[in-house]
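Here is how the chains run, residue by residue.
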Amino acid sequence: MANSDFTQEQDAELMAKKINQAAMLFEEIADSAKRIDQICFYGVQQDDEFAIERYAIQVRTMRDMVRRIGWMADLAASKIDSPPVHGDAEQWLVHPTYANTLST
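Residues numbered from 1 in each chain as written. Predicted model: local features only at pLDDT ≥ 70, side-chain atom pairs only at ≥ 80, totals over all residues. Heavy atoms only, no water.

Asker: Can you help me understand the overall build of the protein chain in this one?
Answerer: In terms of regular secondary structure, the protein chain is built from 4 helices and 0 strands. Going from N to C terminus, the protein chain has its helices and strands arranged as α-α-α-α. Overall size of the protein chain, expressed as C-alpha extent along the three principal axes, is 75 × 35 × 15 Å. Across the 104 residues that make up the protein chain, the buried fraction comes to 18%. Looking at the protein chain alone, contacts between residues at least 24 apart form 56% of all its contacts between residues at least 6 apart. Accessible surface, the protein chain: about 7900 Å² in total, of which carbon and sulfur atoms supply 59%. If the 10 positive side-chain charges of the protein chain are averaged to one point and the 17 negative ones to another, these points end up 4 Å apart. (Helix = DSSP H or I, 4+ residues; strand = E, 2+ residues; numbered from the N terminus. Buried < 20%, exposed > 50% of the residue type's maximum accessible area, 1.4 Å probe, protein only. Contact = heavy atoms within 4.5 Å. Areas by Shrake-Rupley, 256 points an atom, 1.4 Å probe, with all protein chains shown as cover. Lys, Arg positive; Asp, Glu negative; His and termini not counted. Charge placed at Lys NZ, Arg CZ, Asp CG, Glu CD.)

In structure tokens form, the structure reads like this:
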């Protein structure tokens, strides 16, 4: 009986740790989403010779951040034993050409 209680206590502690880790990841996801929203809102507001270059940099930055958000969401899901939507960091964060070679 005591051994069962100990195991249940360990399981509860492990689950609490996983939930805490997932919560920290969700906080980071929300922060990243807020920054993407700010990039979109403030965007390229000057119409000069560098506007296109600034716009391209912003789009690449947003893409990087969105991929990072996706990876963190999948990581948070794994903390609470849910299946990933897309995969691990390697599948989310590397160039799509490379990522496509991972499944073969």
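On we go.
Asker: Where do I start with a nonpolar patch on the surface in this structure?
Answerer: On the surface, a cluster of nonpolar side chains totalling about 240 Å² of accessible area is made up of Met15, Ile19 and Ile80. As for its placement among the helices and strands, Ile19 is situated in helix α1 (residues 2–42). (Patch = residues over 30% accessible without salt bridge, like charges linked within 9 Å, V, L, I, M, F, W, Y side chains within 5 Å. Salt bridge = Lys/Arg side-chain N within 4 Å of Asp/Glu carboxyl O.)

Asker: Where do I start with the pattern of salt bridges in this structure?
Answerer: Oppositely charged side chains can pair when the atoms bearing their charge come close. Going through the model one piece at a time under the given rule, you end up with 4 salt bridges. Taking the shortest distance from any N to any O, the salt bridge between Asp81 and Lys18 comes out at 3.4 Å. In this pair, Asp81 is assigned in the loop between α2 (51–79) and α3 (89–93) and Lys18 in helix α1, connecting sequence segments 63 residues apart. Residue class for Asp81 comes out exposed when judged on its relative accessible area of 55%. For Arg35, the salt bridge identified is with Asp31, shortest N-O distance 3.3 Å. With Arg35 and Asp31 both in helix α1 and 4 residues apart, the pair spans about one turn of that helix.

Asker: Quick question: what am I supposed to make of the nonpolar core here?
Answerer: Here is a general trend for soluble globular proteins: nonpolar side chains tend to be buried in one another's company. Among the nonpolar cores identified, the biggest contains 9 residues, and these are Ala22, Leu25, Ile29, Ile36, Met62, Met65, Ile69, Met72 and Ala76. When contributions to this core are tallied by element, the ones reaching two or more residues are α1 and α2. Look past the residues within four positions of Ile69 in its chain and what remains in contact with it is Ile29, Ser32, Ala33 and Ile36. (Core = buried A, V, L, I, M, F, W, Y, C linked by side-chain atoms within 4.5 Å.)

Asker: What am I meant to see in the side chain of Ser32 here?
Answerer: Here Ser32 is to be found in helix α1. In this structure, Ser32 is in contact with Met65, Arg68, Ile69 and Met72, ignoring residues within four places of it in sequence.

Asker: How do you make sense of the packing of aromatic side chains when you look at a structure like this?
Answerer: Aromatic ring pairs are reported here in terms of the distance separating the ring centres and the angle at which the planes meet. Applying the stated criterion across every chain yields a total of 1 aromatic pair. Ring geometry for Phe41 and Tyr42: centres 4.8 Å apart, planes at 90°, overall edge-to-face. With respect to burial, Phe41 and Tyr42 carry one shared label: exposed. (Phe/Tyr/Trp six-rings, centres within 6.5 Å; stacked < 30°, edge-to-face > 60°.)

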